Amino acid sequence: MRWDNLADEPTTGATAPAGDIALFGTDAVTTRTFDTPEFRGITFHEIRARSIVNRVPGASRMPFEWTVNPYRGCTHACVYCFARKTHGYLDLDTGLDFDSQIVVKINAPELLRHHLASPRWEGAHIAMGTNVDCYQRAEGRYRLMPGIITALTERANPFSILTKGTLILRDLELLRKAASVTDVGVSVSVGFTDQELWRTVEPGTPSPERRLDVVRAMAGSGIGCGVLMAPVIPFLGDGPDQLRATVRAIAQAGATSVTPLVLHLRPGAREWFMTWLGQHHPHLVRRYQRLYADGAYAPKWYQRRITRQVHELADEFGIGPASRGGARRIPAVAPEPSPEPAATQLTLL
């Protein structure tokens, strides 16, 4: 396995070929397996990373510049996950290895605290959960996020979190504390509510209903929570009735916003997804080949159609799209209930 871009102190050797001098030796990584039901078949590689704050490439479509990713690989095992390609950089495959070989940056909180203290750091917004989920099952054991949130709170550094994991509720009080000193954004990813589709394309995630329970819990604690309706999966999750059911459920959960994102298939994810599609929905393979013939993204006309439909449904159910930019200031305490509540109207973050 190749660890050169993760190593704290990469090893070198006189006999190492050019370009491979930063490979880790087997004694530089602690590899663990746990014989418990939730981790059976999963291998964890504990490393001490050299850096934890990553700059997003300028050509990216992302509305933020900096990210923190305490894990690589993800037990959510979403067949469409665009981050699969990153496992190839470690000489791991982007299929089963991505789902079961999890890299854990065990020094992430201390590394972040050091980075934020640098006089060169200007306190820019940091996004989390944008590559792999920072609240995947591994977080239940390694507990990296409490230290990360605390480090950001100590510096009043704005941040946002996107997750499919219900484990974020463990850190609810830390998020409330952070919100009292800086801008904090929380979003949950729910692309559809179809149970059969969920079980096959997102087998390691909590169900869509449980994720919407996170939205409800956040709202009940005075923390606005948006929903990234992602991905909208062509021909499987984009029917008018499916879109309506999903947006309705999002609205009923108390989401402050809903933002649709159509499935995109980057290298690494594309091969894995198309293999899955051929096994489960072979009649759709040719349609996908045509729809994604020009690259990783669905055609603009298709994206615009989905966006328009979701926005119309959001207007009908009283919610709107999130504005670009990530974090918003959220209440540090739950608001007092109105003595005579008016008709429910969900608002933007």
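Residues numbered from 1 in each chain as written. Predicted model: local features only at pLDDT ≥ 70, side-chain atom pairs only at ≥ 80, totals over all residues. Heavy atoms only, no water.

1. Regarding the sheet that holds strand S9 (residues 184-189)
Then, in step 1: Strand order in the open sheet made by the 7 strands is S3-S4-S7-S8-S9-S10-S11, with mixed pairing throughout. The sheet is open, and its two edges are formed by strand S3 (53-55) and strand S11 (258-262), each paired on a single side. Strand-to-strand twist of the sheet, defined as the mean angle between neighbouring strand axes without regard to direction, takes the value 25 degrees.
Then, in step 2: Bridge count for strand S7 (residues 126-128) against strand S8 (residues 159-163) is 3 bridges, and the pairing is parallel. Residue pairing across strands places isoleucine 126 opposite phenylalanine 159, the latter belonging to S8.
Then, in step 3: Helix H12 (residues 300-317) contacts strand S10 (225-232) and S11 of the sheet and is inclined by roughly 160 degrees relative to S11. (Pairing = 2+ DSSP bridges. Helix = DSSP H or I, 4+ residues; strand = E, 2+ residues; numbered from the N terminus. Axes fitted to C-alpha atoms, helices over the stretch in contact; angles between N-to-C directions. Contact = heavy atoms within 4.5 Å.)

2. Considerations on the side chain of threonine 86
Then, in step 1: Residue placement: threonine 86 occurs in helix H1 (residues 85-88).
Then, in step 2: The class for threonine 86 is buried, based on a relative accessible area of 15%.
Then, in step 3: A polar atom in the side chain of threonine 86 sits 2.6 Å from the backbone oxygen of alanine 83.
Then, in step 4: Residues in contact with threonine 86, not counting those within four places in the same chain, are Arg72, Phe98 and Asn131. (Buried < 20%, exposed > 50% of the residue type's maximum accessible area, 1.4 Å probe, protein only. Polar contact = N/O pair within 3.5 Å; in protein donor to acceptor, adjacent residues only side chain to side chain.)

3. Side note on the packing of aromatic side chains
Then, in step 1: All told, the structure shown has 10 aromatic pairs when counted by the stated rule.
Then, in step 2: With centroids separated by 5.4 Å and ring planes inclined at 40 degrees, the aromatic side chains of phenylalanine 273 and tryptophan 276 adopt a geometry described as tilted. Of this pair, phenylalanine 273 and tryptophan 276 both sit in helix H10 (residues 269-280), 3 residues apart, which is roughly one turn of that helix.
Then, in step 3: The class for tryptophan 276 is buried, based on a relative accessible area of 6%.
Then, in step 4: Ring plane angle 50 degrees and centroid distance 5.4 Å describe the contact between phenylalanine 273 and tyrosine 288, whose orientation is recorded as tilted. Of this pair, phenylalanine 273 sits in helix H10 while tyrosine 288 sits in helix H11 (residues 285-291), and the two are 15 residues apart along the sequence.
Then, in step 5: Here phenylalanine 273 falls in the buried class, since its relative accessible area comes to 0%. (Phe/Tyr/Trp six-rings, centres within 6.5 Å; stacked < 30°, edge-to-face > 60°.)

4. Overview of unusual backbone geometry
Then, in step 1: Residue alanine 230 is joined to proline 231 through a cis peptide bond whose omega torsion reads -10 degrees.
Then, in step 2: Here proline 231 is to be found in strand S10.
Then, in step 3: For aspartate 91, which is not glycine, the phi torsion reads 60 degrees and is therefore positive.
Then, in step 4: Checked against the element boundaries, aspartate 91 lands in the loop between H1 and helix H2 (96-100).
Then, in step 5: Unlike most non-glycine residues, phenylalanine 235 shows phi in positive territory, near 70 degrees.

5. Concerning the environment of leucine 261
Then, in step 1: Here leucine 261 shows up in strand S11.
Then, in step 2: The residues contacting leucine 261, other than those within four sequence positions of it, are Leu228, Met229, Ala230, Pro231 and Val232.

6. Section: the pattern of salt bridges
Then, in step 1: Applying the stated rule across the entire model yields 13 salt bridges.
Then, in step 2: The residue aspartate 171 makes a salt bridge to arginine 170 at a minimum N-O spacing of 2.9 Å.
Then, in step 3: The partner of glutamate 202 in a salt bridge is arginine 211, with the nearest N and O atoms 2.7 Å apart.
Then, in step 4: Here glutamate 202 falls in the buried class, since its relative accessible area comes to 0%.
Then, in step 5: In the salt-bridge network here, residues are joined through shared partners; they are Glu139, Arg170 and Asp171. (Salt bridge = Lys/Arg side-chain N within 4 Å of Asp/Glu carboxyl O.)

7. Looking at the side chain of lysine 164
Then, in step 1: Residue placement: lysine 164 occurs in the loop between S8 and helix H6 (172-179).
Then, in step 2: Buried charge lysine 164 goes without a salt bridge, the closest partner of opposite sign being glutamate 202 at 4.4 Å.
Then, in step 3: Only 3.3 Å separates the side chain of lysine 164 from the side chain of tyrosine 80, close enough to count as a polar contact.
Then, in step 4: Contacts of lysine 164, omitting those with residues within four sequence positions, involve His76, Cys78, Tyr80, Asp133, Ser189, Glu202, Thr205, Pro206 and Arg211. (Lys, Arg positive; Asp, Glu negative; His and termini not counted.)

8. Some details on the sheet that holds strand S6 (residues 101-105)
Then, in step 1: The strand order S1-S2-S6-S5 describes an open sheet built from 4 strands, whose pairing is mixed. Looking along the sheet, the strands with just one partner apiece sit at the ends: strand S1 (30-33) and strand S5 (71-72).
Then, in step 2: Two strands pair when backbone bridges link them, and strand S2 (residues 43-47) and S6 are joined in this way by 5 bridges, in the parallel orientation. Within S6, the position partnered with glutamate 46 by the bridge is valine 104.

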